[in-house]
Amino acid sequence: MKSTIHSWYELSIKESITLNQQIMKSLLTVALVGALSFSAFAANASEDLKELSTVNSNYKKVNVTLKEGVGSAKISILTLDGRNLNSKRVYVKDENVMVPYDLESLPVGEYQVRIETNNEEVVYTVETKEKPISSSDLPLMAYGKALNENTVRLAVVGLLEPGVNVKVYSADSGKVIYEEQIDQPEGFIKNFSFTGFNSDDVFMEVKDVKGRVKTLYF
């Protein structure tokens, strides 16, 4: 009889352990499914916000566009290490909204643009660059030198197109005393001599076809 009770007690313990193990497995399964479901929901939410937003950069200008239906959103500009440089809230209802940013005062490099709503968040990475200087924005490279009392030398280099207008003015009256159009490609050197004027009595205005102007004194 004691042996029978002992066997029944051991069987009950084994069944209890097995039941507990099954319960733990079930709880872990539920937790895992829940975690996967939440992750999928978060991923879908981020994908939804990404579908409704675009970020474009042009040198040091950054444009953030939010499409209609986003609702209330917070836009933040951050460094790569997460330091917040600027934040603002916008509300998007029936039409797209573009929010421009000028990063001219910041060093060139990579920055993050974070967009947040109540349920979603998406982060973009943009790279800023210096805008190259156009050759037409460079100053006209014209140089003058007095050779003697009545002769000056003009040197012009780096022309984008041939065609330079040269005007020589009287320093006293401010009137044009000589004018010439020089159509030499790339550059030229030319001496100008004057009768009745000393070199320091004149100044010269040089203008190319791009509209760049330089005034030379001797």
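The structure displayed is predicted, hence computed values, not measured ones.

**Re the overall build of the protein chain**
Here's step 1: The number of helices and strands found in the protein chain is one helix and 14 strands.
Here's step 2: Across the protein chain, contacts joining residues at least 24 apart in sequence account for 57% of those joining residues at least 6 apart.
Here's step 3: Total accessible area computed for the protein chain in this model is approximately 14600 Å², and 52% of it derives from carbon and sulfur atoms.

**Considering the nonpolar core**
Here's step 1: Ranked by internal contacts, the top residues of the largest apolar core, which has 20 residues, are Val55, Val64, Leu66, Ile75, Tyr101, Val113 and Ile115.
Here's step 2: Contributing elements (two or more residues each) for this core: strand 2 (61-66), strand 3 (71-78), strand 4 (84-92), strand 5 (97-102), strand 6 (109-116) and strand 7 (121-128).
Here's step 3: Residues in contact with Val113, not counting those within four places in the same chain, are Val55, Val62, Val64, Ile75, Ser76, Ile77, Val122, Val123, Tyr124 and Val126.
Here's step 4: By size, the runner-up hydrophobic cluster in this structure holds 17 residues, among which are Leu140, Ala142, Val164 and Phe194.

**Observations regarding the environment of Glu186**
Here's step 1: Relative to the assigned elements, Glu186 resides in the loop between strand 11 (176-182) and strand 12 (188-193).
Here's step 2: Separated by 30 residues in the primary sequence, Glu186 and Val156 have C-alpha atoms spaced 8.3 Å apart.
Here's step 3: If we ignore the near neighbours within four places in the chain, the residues touching Glu186 are Val156, Val157, Gly158 and Leu159.

**Comments concerning the pairing of strand 2**
Here's step 1: By the bridge criterion, six bridges tie strand 1 (residues 53-58) to strand 2 in an arrangement that is antiparallel. Of the residues in strand 2, the one forming a bridge with Thr54 is Thr65.
Here's step 2: The sheet contact formed by strand 2 and strand 5 spans six bridges and is antiparallel. Among the inter-strand pairings, Asn63 is bridged to a residue of strand 5, identified as Pro100.

**What to know about the side chain of Asn165**
Here's step 1: Looking at the secondary structure, you find Asn165 in strand 10 (residues 164-170).
Here's step 2: In this structure Asn165 comes out as buried when scored by relative accessible area, which is 17%.
Here's step 3: At a separation of 3.1 Å, a polar atom in the side chain of Asn165 contacts the side chain of Glu179.

**Considering unusual backbone geometry**
Here's step 1: At Tyr59, a position not held by glycine, the phi torsion is positive, near 60 degrees.
Here's step 2: The backbone of Glu186 sits at a positive phi, close to 70 degrees, despite the residue not being glycine.

**Focus on the pattern of salt bridges**
Here's step 1: Scanning all chains against the criterion turns up six salt bridges.
Here's step 2: Taking the shortest distance from any N to any O, the salt bridge between Glu161 and Lys210 comes out at 3.2 Å. Placement of the pair is Glu161 in the loop between strand 9 (151-157) and strand 10 and Lys210 in the loop between strand 13 (202-208) and strand 14 (213-217), with a sequence separation of 49 residues.
Here's step 3: We classify Glu161 as partly exposed; its relative accessible area is 38%.
Here's step 4: Look at Lys210 and you get partly exposed, because its relative accessible area is 42%.

**Brief notes about the sheet that holds strand 11**
Here's step 1: In space, the four strands of this open sheet follow the order 11-10-13-14, with antiparallel pairing throughout. Of all strands in the sheet, those bounded by a partner on one side alone are strand 11 and strand 14. On average, adjacent strands in this sheet sit at an angle of 15 degrees to one another, irrespective of strand direction.
Here's step 2: In terms of strand pairing, strand 13 meets strand 14 through five bridges, oriented antiparallel. Counterpart to Val206 in the pairing with strand 14 is Lys214.

**Quick word on the sheet that holds strand 5**
Here's step 1: Pairing is antiparallel across the open sheet formed by three strands, whose spatial order is 1-2-5. The open sheet has two edge strands, strand 1 and strand 5, and neither has a second partner. Across the sheet, the axes of successive neighbouring strands diverge by a mean angle of 15 degrees, strand direction being ignored.

**Digging into a nonpolar patch on the surface**
Here's step 1: Residues Met141, Tyr143 and Val157 make up a contiguous nonpolar surface patch of roughly 260 Å² in combined accessible area.
Here's step 2: Structurally, Met141 can be placed in strand 8 (residues 141-146).
Here's step 3: Classification of Met141 by relative accessible area gives partly exposed; the value is 36%.

Rules of the game
The residue numbers shown here count from 1 along each chain, following its written sequence. Note on the predicted model: pLDDT of at least 70 is required for a residue's local features to be given, and 80 or more for side-chain atom pairs to be given and counted; whole-chain, interface and lining totals, by contrast, use all residues. Excluding hydrogens and water, the side-chain values take into account all heavy atoms of the structure. Only DSSP runs of H or I with at least four residues qualify as helices, and only runs of E with at least two residues qualify as strands; both kinds are numbered from the N terminus onward. Should any heavy atoms of two residues lie within 4.5 Å, those residues are counted as being in contact. Areas reported here follow the Shrake-Rupley algorithm with a probe of radius 1.4 Å; residue values treat only the protein chains shown as occluding. For the purposes of this section, nonpolar cores are sets of buried Ala, Val, Leu, Ile, Met, Phe, Trp, Tyr and Cys residues that join through side-chain atoms within 4.5 Å. Buried residues are those whose accessible area, probed at 1.4 Å on protein chains only, stays under 20% of the maximum for their type, while exposed residues exceed 50% and partly exposed ones sit between those limits. Pairing between strands requires that DSSP locate at least two bridges from one strand to the other. Think of a polar contact as two N or O atoms within 3.5 Å of one another; within protein, one of them needs to be a possible hydrogen donor and the other a possible acceptor, and neighboring residues in sequence only count if both atoms come from side chains. A side-chain nitrogen of Lys or Arg and a carboxyl oxygen of Asp or Glu constitute a salt bridge if their distance falls within 4 Å. Think of each axis as a best-fit line through the C-alpha atoms, taken over the contacting stretch in the case of a helix, with angles from 0 to 180 degrees between the N-to-C directions. Note that patches include only residues with greater than 30% relative accessible area and no salt bridge, and the join distances are 9 Å for like charges and 5 Å for nonpolar side chains (Val, Leu, Ile, Met, Phe, Trp, Tyr).

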